[in-house]
Structures are given as C-alpha cells and as structure tokens.
Amino acid sequence: MSITEAVRQFVRTYPPLADNRINVDYLPDEVGSYSIGVTPCKEWVKRYVDGSGTKQFLFVLTSREAFGEQVRQQLDNLGFYEAFSDWLDRQTAARTLPALGPGRTPLAAEATTSGYAFIPGTETARYQIQCRLTYTQEKES
C-alpha cells in the first residue's frame, strides 16, 4: 500500500469524515467534498549510512465549504480544521497512526498550519490544512 493510501485511510478514521468520500488530488465543486493532496517536500529528514533514517510525508486535507457573509459559517469551517489538528495530536499521543507497511514505522502525525480558506469564492471556498507524517524507514535489503 502506498503512503498516500495509508494516509487517506487514516484520515477516514476521523469521526466527522467517517462516512464521507475522501478524494485524492481532486476536490469536486460540491459543498461537503473532501480530498487528500500530496505536498512536495524533501522526503528524508535524517539519513544514516546504512540506508535507514527518518522520512516525512507532507499532505493537505482540503474541503469545499459554504462561504459568504455569515460569520458563523466561517467559524464552523475553521472549527472543523482546529478539531482535526487536535485529533492528529491525540492520535500521535495514543500511537494510533496509519499502518505504512513493512520497514516503515510511523512516529507522528501533525498539522503544520491551521486551517484556512485557500481559495475563497462568492458562495463556496476551498479550505485546507497542511499536515506532516513522520516515520522511520528501515534500510532496504
């Protein structure tokens, strides 16, 4: 299984998203749509001579939300992402992290930004939060 798929499955365990479709690199125009996107980054955080080390996987969780003059709507939108960030912290503390397959051990999942309106429109907006998964990579045989 790819790390992207493992992260997608992990994000689906967040209770408010359990019954939602989570797309990959595609966010439909309908309010209430969600997607996981991969963020380019330097994968190796620390590499040892034997080929093992610590790696990172950066991703964004995005959604299409109602947007406009109603302050309550924007507070609810941002509250969803604040709660998601807290959930990532709880999952890390509880060591309930995605299964990454042989040779990879997850260390932490965390938000690297707060949630924010990335592309606001007149009636809907794309909201997102940037996240990081760090894990150890064993040396390849």
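Since the structure is predicted, the reported quantities are computational estimates derived from the model, not experimental observations.

Visitor: Can you break down the pattern of salt bridges residue by residue, with the values?
Guide: Throughout the structure, instances matching the rule amount to 5 salt bridges. Of the charged contacts in the structure, one is a salt bridge between Arg72 and Asp76, with a shortest N-O distance of 3.1 Å. Placement of the pair is Arg72 and Asp76 together in helix α2 (residues 71–94), with a separation of 4 residues, close to one helical turn. Classification of Asp76 by relative accessible area gives partly exposed; the value is 41%. Across the pair Arg132 and Glu110 runs a salt bridge whose closest N-O atoms are separated by 2.7 Å. Highlighted residues: Arg132 in strand β7 (residues 124–137) and Glu110 in strand β5 (residues 104–111), separated in sequence by 22 residues.

Visitor: For the side chain of Thr92, give the residues involved together with the corresponding values.
Guide: Among the secondary structure elements, Thr92 is positioned in helix α2. Looking at Thr92, the relative accessible area reads 18%, which means it is buried. Dropping the residues within four chain positions of it, Thr92 is found in contact with Leu97, Leu107, Ala108 and Ala109.

Visitor: Give me the pairing of strand β2 (residues 34–39): which residues, what numbers.
Guide: Bridging between strand β1 (residues 22–24) and β2 involves 3 bridges; their strand directions are parallel. Each residue of the ladder has a partner; that of Asn23, found in β2, is Ser35. For β2 and strand β4 (residues 53–66), the ladder comprises 6 bridges, and the chain directions are antiparallel. Within the sheet, the bridge partner assigned to Ile36 lies in β4 and is Leu61.

Visitor: A description of unusual backbone geometry should follow, citing residues and the corresponding values.
Guide: Positive phi, normally seen in glycine, also occurs at Asp25, with a value near 55°. Relative to the helices and strands, Asp25 is located in the loop between β1 and β2. Its relative accessible area of 58% is what places Asp25 among the exposed residues.

About the cut-offs
- Residues numbered from 1 in each chain as written.
- Predicted model: local features only at pLDDT ≥ 70, side-chain atom pairs only at ≥ 80, totals over all residues.
- Heavy atoms only, no water.
- Salt bridge = Lys/Arg side-chain N within 4 Å of Asp/Glu carboxyl O.
- Helix = DSSP H or I, 4+ residues; strand = E, 2+ residues; numbered from the N terminus.
- Buried < 20%, exposed > 50% of the residue type's maximum accessible area, 1.4 Å probe, protein only.
- Contact = heavy atoms within 4.5 Å.
- Pairing = 2+ DSSP bridges.

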